[in-house]
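# What the coordinates show
The residues making up each chain are set out below.
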Amino acid sequence: MGDPLRRRVLITGAGGQLGAALSRAFAADDLQALTRDGWDVRFPAPASVARPDLVLHAAAWTNVDGAEDDPQGAAEVNVGGTAHAAELGAPLVAYSTDYVFGGRKGSPYVESDGPSPLSAYGRTKLHGEAVAGEHAWIVRSSWLFGPSGHNFVRTMLRAGAERDEVAVVDDQRGCPTYVGHLAAATHELVGSAAPFGVWHLAAGGDCTWADFAEAIFELARLDCRVRRISTSEFGARAPRPAVSILRSEKGAPELPHWRDGLAECLAALAPA
Ligand SMILES: NC(=O)c1ccc[n+]([C@@H]2O[C@H](COP(=O)([O-])OP(=O)(O)OC[C@H]3O[C@@H](n4cnc5c(N)ncnc54)[C@H](OP(=O)(O)O)[C@@H]3O)[C@@H](O)[C@H]2O)c1
């Protein structure tokens, strides 16, 4: 039985990289952190889910290229799952993405900019925003990385240890965001008087994937060159926005620069 005096916080997708960071940032609360085994969000919440005071909905289909082949499957999680999280009736944080934007604005995207997703993944996330309900903070972030799970930093650390050179896309620009910083900013947002609605929470600074890879190799002291290639050379299945830098026009909590996030991530990965 939980402590009746503490806020009851439910985290979905607790096995993912953001879910793990949220479990740490909200550790002082009465936490129910559920992996897919505890709640497959394609279905309504099981009876074992305690009535929460706050839901942090981090479960999602995040395989951007895979969503092109199975958009229905992605929608079941990203739209159906968000609707089920909203049905709990508690204030909800629904995470969304820079991939709801088309990438052709030429300057950073703010909350009032109109979305126009290029990919099936982006479309399912945008539909997910629409079903989050009236009592939701829709938190858009971008290019997430952390010490666990599948992410660009971990992929580059593996590649950089095995190879002399990696080819990395240099014509997509965004804000690589450390999950620890996003979790802390989420904590700040929900603890403030911030009204429900769309909020952009992404790292300070911006770069291309190739810039990011070079910074990873430099900080991790890996002797690996970055060969800068174009999106079309890379040939990913799903189209992605060219420039999807997120900024807030609403005074959202500010996150540290992506280089600080990278340093924290590498420190968390280093053997003790
Ligand atoms: N990753 C990014 O670059 C990025 C960028 C912007 C926004 N976001 C958004 O940020 C949020 C968190 O992303 P993340 O990077 O932490 O993703 P992640 O590491 O892939 O974690 C997502 C979690 O959701 C779980 N999940 C998938 N289908 C589920 C289902 N049907 N029921 C319950 N759980 C399910 C996954 O479990 P399994 O491991 O079992 O599949 C995984 O643990 C998502 O809303 C994502 O769209 C991510």
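As shown above, the structure is provided for reference.
The present account deals with the structure reproduced in this document. (Residues numbered from 1 in each chain as written. Predicted model: local features only at pLDDT ≥ 70, side-chain atom pairs only at ≥ 80, totals over all residues. Heavy atoms only, no water.)

Let us now look at the site of the ligand. Around the ligand there are 23 residues in total, and Leu18, Arg36, Thr62, Tyr121 and Lys125 lie nearest to it. The side chain of tyrosine 121 places a nitrogen or oxygen atom 2.7 Å from an oxygen atom of the ligand. Contact distances for the ligand include 2.7 Å between an oxygen atom and a side-chain N or O atom of lysine 125. In isolation the ligand has 900 Å² of accessible area, and contact with the protein removes 80% of it. Where the shell around the ligand is concerned, the elements lending two or more residues are α1 (17–25), β4 (92–97) and α4 (120–130). (Near = heavy atom within 4 Å. Polar contact = N/O pair within 3.5 Å; in protein donor to acceptor, adjacent residues only side chain to side chain. Areas by Shrake-Rupley, 256 points an atom, 1.4 Å probe, with all protein chains shown as cover. Helix = DSSP H or I, 4+ residues; strand = E, 2+ residues; numbered from the N terminus.)

Regions of empty space are outlined by a rolling probe, equal in size to a water molecule, passed over the atoms. According to the stated counting rule, one finds 1 cavity of 30 Å³ or more in the structure shown. In this structure, the largest cavity spans a volume of roughly 60 Å³. Elements supplying a minimum of two residues to the lining of the largest cavity: α3 (71–87), β4 and α4. Tallied by class, residues from the lining of the largest cavity come to 3 nonpolar, 5 polar and 2 charged. (1 Å grid on protein atoms, 1.4 Å probe; cavity = no way out; pocket = protein on both sides within 12 Å on 5 of 7 lines; lining within 4 Å. Points joined across faces, edges and corners; volume = space filled by probe spheres on them. Nonpolar A, V, L, I, M, F, W, Y, C, P; charged D, E, K, R; others polar.)

By volume, the second largest pocket is sized at about 180 Å³. Across the lining of the second largest pocket, the residue classes break down as 7 nonpolar, 4 polar and 2 charged.

A few words now on the sheet that holds strand β2 (residues 30–34). The strand order β2-β1-β3-β4-β5-β10 describes an open sheet built from 6 strands, whose pairing is parallel. At either end of the open sheet lies a strand with only one pairing partner, and these are β2 and β10 (197–200). Geometrically, the sheet is characterised by an average inter-axis angle of 20 degrees between neighbouring strands, direction not taken into account. In the sheet, strand β5 (residues 136–141) pairs with β10 via 4 bridges, with the strands oriented parallel. (Pairing = 2+ DSSP bridges. Axes fitted to C-alpha atoms, helices over the stretch in contact; angles between N-to-C directions.)

Mapped onto the elements of the fold, serine 192 is located in the loop between α6 (179–191) and β10. Considering only alpha carbons, one finds serine 192 and aspartate 211, 19 residues apart in sequence, at a separation of 34 Å. A distance of 2.7 Å separates a polar atom in the side chain of serine 192 from the backbone oxygen of leucine 189.

Here we take up the nonpolar core. Core analysis: the biggest nonpolar cluster contains 33 residues, and Val168, Phe212 and Leu262 have the highest contact counts within it. Of all the secondary structure elements, the ones that give two or more residues to this core are α2 (64–69), α4, α5 (152–162), β7 (165–169), α7 (209–219), β12 (225–229) and α9 (258–269). Per-element accounting of this core gives the leading share, 7 residues, to α7. When residues no more than four places from it in sequence are discounted, the contact partners of leucine 262 are Phe145, Val153, Phe212, Ala215, Ile216 and Leu219. Judged by nonpolar contacts, the second largest core, of 25 residues, contains Leu56, Ala183, Ala185 and Ala252. (Core = buried A, V, L, I, M, F, W, Y, C linked by side-chain atoms within 4.5 Å. Buried < 20%, exposed > 50% of the residue type's maximum accessible area, 1.4 Å probe, protein only. Contact = heavy atoms within 4.5 Å.)

It is worth spelling out the pattern of salt bridges at this point. Scanning the entire structure with this criterion turns up 14 salt bridges. Between glutamate 165 and arginine 225 there is a salt bridge, and its shortest N-O distance comes to 3.3 Å. Of this pair, glutamate 165 sits in strand β7 while arginine 225 is found in strand β12, placing the two residues 60 residues apart along the sequence. On the accessibility criterion, glutamate 165 (31% relative accessible area) is partly exposed. Residue arginine 225 is classed as exposed on the basis of its relative accessible area, which comes to 51%. Close ionic contact of glutamate 165 with arginine 227 constitutes a salt bridge, the shortest N to O distance being 3.0 Å. (Salt bridge = Lys/Arg side-chain N within 4 Å of Asp/Glu carboxyl O.)

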